Amino acid sequence: MTTTSVTAPAVSDDEKRRHRRILQALSGLLLGMFVSMLASTVVSTSLPVIVHDLGGDQAAFTWVVTATLLTTAISTPVWGKLADLFNRKLLIQLAIVIFVVATAAAGFSQDPATLIAFRAVQGIGAGGLAALSQVIMADIISPRERGRYMGLFGAVMAVATVGGPLLGGVITDSLGWRWNFFVAIPFAVVALVIMQRTLHLPARPKQKARIDYIGIVLLAASVSLLLIWVTGAGSDFDWWSTETIIMVGGALLGTALFIVTELRVKEPLVPLGLFKNRTFTLAVIASIATGIAMFGTSVFLSQYMQMARGATPTEAGVMTIPMIAGLLLASIVVGGLITRHGHWKPWLIVGGVLLIAGAFLLSTIHYDTNFALVSLYMFLLGAGVGMTMQNLVLIVQNTASPSEMGVASSGVTFFRSLGGTIGVSVMGAALASSATTLFGDMKAEIGAALVQLGDKGAEIGRQLQSGTIPQVSELPEGIRVIVEDIYAQAIAHSFLIAVPVAVVSLIAIVFLPNIPLTRMTTSERVAASEADLATVSVSAGMSTLDATGDAPHAAETGADPTPGRDEASASSR
């Protein structure tokens, strides 16, 4: 009786101290994520206005988004590899600096090409934040405990994803869109200071860096050729043409050379041996499809609000809240349930079903569809993304070797970004093609509406013929309804592309091995492995490694970077 009364409070106190140290370590990481999300979302609702003011067409709009996604995808595995070799804290601070400086520079753009170039540099920093945040989380929080802290990440996502578009719309309508690119700078400075003071990670053994430069070049060239072909085919050149043969052939050749390179180099950019792991392979397939559905639909939803419903940037930010609400609620609630009960697969399956339903229903919308229905469709899609996106990374980290945690985590994120990049390009190309066809089909109606406007109608006609994205909310009533109808049909048609890939995602999720989530952090797994406990069950390993697993505490006290090593060794002996 006495023993029980004494030891129970001690365990509780240890747990409270551990929880407090984890929160301190997460504070800088959370603020860093907030900076990256804010810098991205604050611009989302103003992109149609930005591209219009810079004289860009639909292809330019697509590339403003695609450039960031492309460099994010390509740089993500690079950052993941660096995370296995260098100081992860220093790397994530460097990623924040690159991201924010490029974002600020984009605010001075005078033409679409300059904006696209700075957005590409911005993606390099975004890739680091995406990869390193997942790796660092695995360092300090076990997969089973991750859901407990999802509420914090959900709160950050809520402020950034809901407040960002609203703030961006207000800034665009009042100060001008350029100020959207500068708003994240003070938050970035604070994030760097807090991260320096609170994020303490276990020391890692020094390794000789071997960067797969050839693999980086081949991957970048292959993906870029494919995206340029998708964007230009059917408009700048025919689908079946010399350009198609050169670009598609070059992409296939580059991919083949990339695979050969990855099989031969000592430190591959994407270790192909990871695909021997069934969980990793299926998670990658599901992530590609999730990325296409998530990035593609979310990018063009804002355009739908402004081009098909005549909303201002501020109004568009408000109108996309249902999708964000679905994502946040699903990620927070499901994260908590996974932590409490340990069952992850049923929620992933439900998320896959909701992805299919949301994408299909959004492909049926028109310019005058009841907004309550549009909101429901957005909510379903957002909930599907919330249930699948982070949990696919979670289950890969659960089975990945600690020595490959960086490349495994970034690998899933890479393929999700790659899927999103391809999805945005394909959907953007489909949107542009459909809009061009519809403008031709409705030429008579457009002409009649323009004639009634006199000289102003002639000016609007020249703008529409130039291909520049119009500012629909400022068009006269007669022509505005026609343009809204055209863009609504074109955008709905592009949403339909996300449906089959969402089906592929669900199939991959169904076949994922239902492996229980471990309660051990990456640091604890390393310690257990070094103590020859790799084959011990999770519960036994945890009892052996009692009072370990707090990376921040180890760093703060100057203790051995792999806590519990001596105790575990003694126990094993």
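Residues numbered from 1 in each chain as written. Predicted model: local features only at pLDDT ≥ 70, side-chain atom pairs only at ≥ 80, totals over all residues. Heavy atoms only, no water.

Counting secondary structure elements, the protein chain contains 23 helices and zero strands. Taken over 573 residues, the protein chain has a buried fraction of 57%. Long-range contacts, defined here as pairs at least 24 residues apart, represent 84% of the contacts in the protein chain between residues at least 6 apart. Summed over its atoms, the accessible surface of the protein chain is roughly 23,400 Å², and 66% of this surface lies on carbon and sulfur atoms. (Helix = DSSP H or I, 4+ residues; strand = E, 2+ residues; numbered from the N terminus. Buried < 20%, exposed > 50% of the residue type's maximum accessible area, 1.4 Å probe, protein only. Contact = heavy atoms within 4.5 Å. Areas by Shrake-Rupley, 256 points an atom, 1.4 Å probe, with all protein chains shown as cover.)

Before going further, it helps to examine the packing of helix α16 (residues 443–451) against helix α18 (residues 477–495). Closest axis-to-axis distance for the α16/α18 pair is 8 Å, and the angle between their directions is 155°. It follows that α16 is roughly antiparallel to α18 by the angle criterion. By crossing handedness, the relation of α16 to α18 is classed as left-handed. Seen from α16, the contacting residues are Glu 445, Ile 446, Ala 449 and Leu 450; seen from α18, they are Gly 478, Ile 479, Ile 482 and Ile 486. Within the contact of α16 with α18, the residues separate by chemical class into six nonpolar, one polar and one charged. (Axes fitted to C-alpha atoms, helices over the stretch in contact; angles between N-to-C directions. Parallel < 35°, antiparallel > 145°, perpendicular 65-115°, else oblique. Left-handed = near helix turned anticlockwise from the far one by under 90°. Nonpolar A, V, L, I, M, F, W, Y, C, P; charged D, E, K, R; others polar.)

Let's shift gears to the pattern of salt bridges. It is possible for side chains of opposite charge to pair when their charged atoms get near one another. What the rule picks out here adds up to one salt bridge. Where Glu 484 meets Arg 480, a salt bridge forms, and the shortest distance between an N and an O atom there is 2.7 Å. Of the two residues, Glu 484 and Arg 480 are both situated in helix α18; the distance of four residues between them amounts to about one turn of the helix. (Salt bridge = Lys/Arg side-chain N within 4 Å of Asp/Glu carboxyl O.)

Further remarks concern the confidence of the model for the protein chain. With 79% of its residues at a pLDDT of at least 70, the protein chain reaches an overall mean of 75. The element-level mean pLDDT for the protein chain is lowest in helix α23 (residues 565–572), coming to 37, with helix α13 (residues 345–362) highest at 90. Scored below 50 in pLDDT, residues 1–11 shows one contact in the model against residues more than four places distant or in partner chains. Here residues 532–573 is modelled with pLDDT under 50, and outside its nearest four sequence neighbours on either side it reaches 59 contacts, counting other chains as well. (pLDDT = per-residue confidence, 0-100.)

A few words on the side chain of Glu 484. Classification of Glu 484 as buried rests on a relative accessible area of 5%. If we ignore the near neighbours within four places in the chain, the residues touching Glu 484 are Met 307, Ala 308, Arg 309, Gly 310, Tyr 367 and Val 472.

What follows concerns the packing of helix α12 (residues 321–341) against helix α14 (residues 371–399). For any two helices packed against each other, the geometry is given by the interaxial angle and the distance between the axes. Contact pair α12 / α14: the axes reach a minimum separation of 6 Å and the direction vectors enclose 40°. Comparing the axis directions of α12 and α14 gives the class oblique. Remark: the crossing between α12 and α14 carries right-handed chirality. For the pair α12 and α14, contact is made by Pro 322, Met 323, Ala 325, Gly 326, Leu 327, Leu 329, Ala 330, Ser 331, Val 334 and Ile 338 and by Ser 375, Met 378, Phe 379, Leu 381, Gly 382, Ala 383, Val 385, Gly 386, Met 387 and Asn 391, respectively. In terms of residue class, the contact of α12 with α14 is built from 14 nonpolar, six polar and no charged.

Applying the stated criterion across every chain, the model contains five aromatic pairs. The interplanar angle of 45° and the centroid separation of 5.2 Å between the aromatic rings of Phe 108 and Phe 182 together place this pair among those described as tilted. Here the residue Phe 108 occupies a position in the loop between α4 (88–106) and α5 (112–140), and Phe 182 occupies one in the loop between α6 (150–174) and α7 (185–198), the gap between them amounting to 74 residues. (Phe/Tyr/Trp six-rings, centres within 6.5 Å; stacked < 30°, edge-to-face > 60°.)

Another point: α7. Helix length check: α7, at 14 residues, gives a terminal C-alpha distance of 20 Å against a target of 20 Å (1.5 Å per residue), a fit within 8%. By the burial criterion, the buried members of α7 are Ala 188, Ala 191, Met 195 and Thr 198. The arc enclosing the buried residues of α7, seen along the axis, measures out at 115°, which places them on a common side. (Expected span 1.5 Å × (residues − 1). Arc of directions from axis to C-beta.)

Time to look at the environment of Ile 228. Along the chain, Ile 228 falls in helix α8 (residues 213–232). For the pair Ile 228 and Ser 425, spaced 197 residues apart in the sequence, the C-alpha separation amounts to 8.6 Å. Aside from chain neighbours lying at most four places away, what touches Ile 228 is Trp 63 and Met 247.

All right, on to helix α9 (residues 242–264) then. Its 23 residues place the ends of α9 33 Å apart at the C-alpha level, agreeing with the 33 Å of an ideal helix rising 1.5 Å per residue. Along α9, the residues that are buried comprise Thr 244, Met 247, Ala 251, Gly 254, Phe 258, Thr 261 and Glu 262.

With respect to the helices and strands, the residue Gly 127 is situated in helix α5. In this structure, the C-alpha to C-alpha distance between Gly 127 and Leu 70, residues 57 residues apart in sequence, is 9.6 Å. Those residues in contact with Gly 127 that lie beyond four places of it in its chain are Thr 72, Ser 75, Thr 76 and Trp 79.

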